[in-house]
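Breakdown of the fold
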Amino acid sequence: MSALAATAPLVRLTGVTKVYRMGDVEVQALRGVSLAIAQGGLTAIMGASGSGKSTLMNIVGCLDRPSAGRYELAGRDISGLSRAALAELRNRTLGFVFQSFNLLARTSALENVELPLLYAGVSGRERRRRAVAALGRVGLADRLRHHPAQLSGGQQQRVALARALVMEPRLILADEPTGNLDSTTSAEVMALLQQLGHGGITVVLVTHEPDIAAYAERVIVMRDGCVQSDHAQQPLRAPEPAAAASALPAPTTAAARPVLAAPTGAAR
Ligand code: ADP
Ligand code: MG
């Protein structure tokens, strides 16, 4: 990584617009958004439905391109990159977390977390080692063999977070990550996101809940495709992740007991 890339903001949008064309009708989803996000920390994006939050996240996540304006990620202008180069950049730099977890149902926590490594061509042993470590980081070292249905909602979201973390991204984009969770479990997930932010990963999350935005140190409010407000705040401190993890209830279904012995590759 060049010196420039290390000191530039991780995310920089300059006059970004996005126009969707529906037949004769043009929808101005973003109308000139300029903002920069430094490496590390937790930023919340709020705003009414239709204000452009998802469009903004899709552009920051390199899933879509601006109609006009400039987007630089880690100091690199991404507008000229090919589809393949964008996919590569996404894999190496970005992690995604969704409201509905998006885990594979018939697959263990470990296999779900190994998946991005499999796509990246990482060998079996190394895959296993890194997936075990990522699950340990989110407090799920004792749930490797569980399938999503055998885990609580909060645990499933932590598996999804481990899957995002396993490629060691610089930026995690989370669209309503606590939208399907109760308030206690939401606080646990926010504790983890806050911890990652402190550790130098940049976390950007969309939420419509002020209680969730309170954990962020910066809140950007979107309105009609523009940034309506952008302010720093003293973040609410989430409960300690370790305490939160140990306070979690064991899975409730009888099938939840791990039946397989740990394969040799999983040993430390
Ligand atoms: P939010 O996530 O804040 O609810 P979106 O970014 O999804 O808002 O949408 C912003 C505006 O762009 C809305 O008016 C929406 O209808 C429109 N829009 C979003 N995606 C598309 C699309 N693929 N095609 C056409 N219009 C879209
Ligand atoms: Mg949306």
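For the structure, see preceding data.
Residues numbered from 1 in each chain as written. Chains lettered and ligands numbered in written order. Predicted model: local features only at pLDDT ≥ 70, side-chain atom pairs only at ≥ 80, totals over all residues.

Some details on the overall build of the protein
Helix and strand counts for the protein stand at nine helices and 10 strands. Across the 268 residues in the protein, those meeting the buried criterion constitute 41%. A separation of at least 24 residues holds for 72% of the contacts in the protein among residues at least 6 apart in sequence. (Helix = DSSP H or I, 4+ residues; strand = E, 2+ residues; numbered from the N terminus. Buried ≥ 20, exposed ≤ 12 C-beta atoms within 10 Å, placed from the backbone. Contact = placed C-beta atoms within 7 Å.)

Focus on unusual backbone geometry
Not every positive phi belongs to a glycine, and Phe101 is a case in point at roughly 70°. Assignment of secondary structure puts Phe101 in the loop between β6 (94-98) and α4 (109-119). Residue classification places Phe101 among the buried residues on the basis of 21 C-beta atoms within 10 Å. In this model, Glu176 sits at a positive phi of 50°, which is unusual for a non-glycine residue. For Glu176, the location among the structural elements is in the loop between β7 (171-175) and α7 (183-198).

Notes on the pairing of strand β1 (residues 11-22)
Two elements, β1 and strand β2 (residues 25-37), share 10 bridges in a ladder whose sense is antiparallel. Within β2, the position partnered with Arg12 by the bridge is Ala36. Between β1 and β2, which pair antiparallel and follow one another directly, the connecting turn spans two residues, one of which, Gly23, has a positive phi of 65°. Direction of pairing for β1 relative to strand β4 (residues 68-73): antiparallel, over a ladder of five bridges. Counterpart to Val11 in the pairing with β4 is Leu73. (Pairing = 2+ DSSP bridges.)

Brief notes about the sheet that holds β1
Ordered in space as β2-β1-β4-β5, the four strands form an open sheet in which the pairing is antiparallel. The sheet is open, and its two edges are formed by β2 and β5 (76-77), each paired on a single side.

Points about the sheet that holds β7
What the six strands build is an open sheet, ordered β6-β7-β8-β3-β9-β10; its pairing is mixed. Strands with a single pairing partner mark the edges of an open sheet, and in this sheet they are β6 and β10 (226-232). Across the sheet, the mean angle from the axis of one strand to that of its neighbour is 15°, orientation sign disregarded. Relative to strand β8 (residues 202-206), β7 is paired through five bridges, and the arrangement is parallel. (Axes fitted to C-alpha atoms, helices over the stretch in contact; angles between N-to-C directions.)

Regarding the environment of Thr93
Its location among the elements puts Thr93 in helix α3 (residues 83-93). Thr93 gets classed as partly exposed once you count the C-beta atoms within 10 Å, which come to 19. Considering only alpha carbons, one finds Thr93 and Gly61, 32 residues apart in sequence, at a separation of 9.4 Å. Filtering out sequence-adjacent residues up to four positions away, Thr93 remains in contact with Leu73, Ala74, Pro169, Arg170 and Leu171.

Observations concerning the site of ligand 1
Lining the immediate surroundings of ligand 1 are Tyr20, Met22, Val27, Ala29, Gly47, Ser49, Gly50, Ser51, Gly52, Lys53, Ser54 and Thr55. At three residues, the largest contribution of residues to the shell around ligand 1 is made by helix α2 (residues 53-60). Here the residues of the shell around ligand 1 sort into four nonpolar, seven polar and one charged. (Near = placed C-beta within 6 Å. Nonpolar A, V, L, I, M, F, W, Y, C, P; charged D, E, K, R; others polar.)

Describing the nonpolar core
If you look at the biggest cluster of nonpolar residues, it comprises 66 residues, and the most contacted ones within it are Val113, Leu135, Ala162, Ile172, Leu193 and Val203. The element best represented in this core is α7, accounting for seven residues. Sequence-distant contacts of Ile172, that is, excluding residues within four places in its chain, are made with Gly95, Val97, Ala164, Leu196, Ile201 and Val203. (Core = buried A, V, L, I, M, F, W, Y, C linked by C-beta atoms within 7 Å.)

Considering helix α5 (residues 124-137)
Here α5 spans 20 Å end to end across 14 residues, near enough to the 20 Å set by a 1.5 Å rise per residue. Contacts from the buried residues of α5 go to α4 and α6 (153-165). Looking one or two residues beyond α5, the residue adopting positive phi is Gly139, at roughly 80°. (Expected span 1.5 Å × (residues − 1).)

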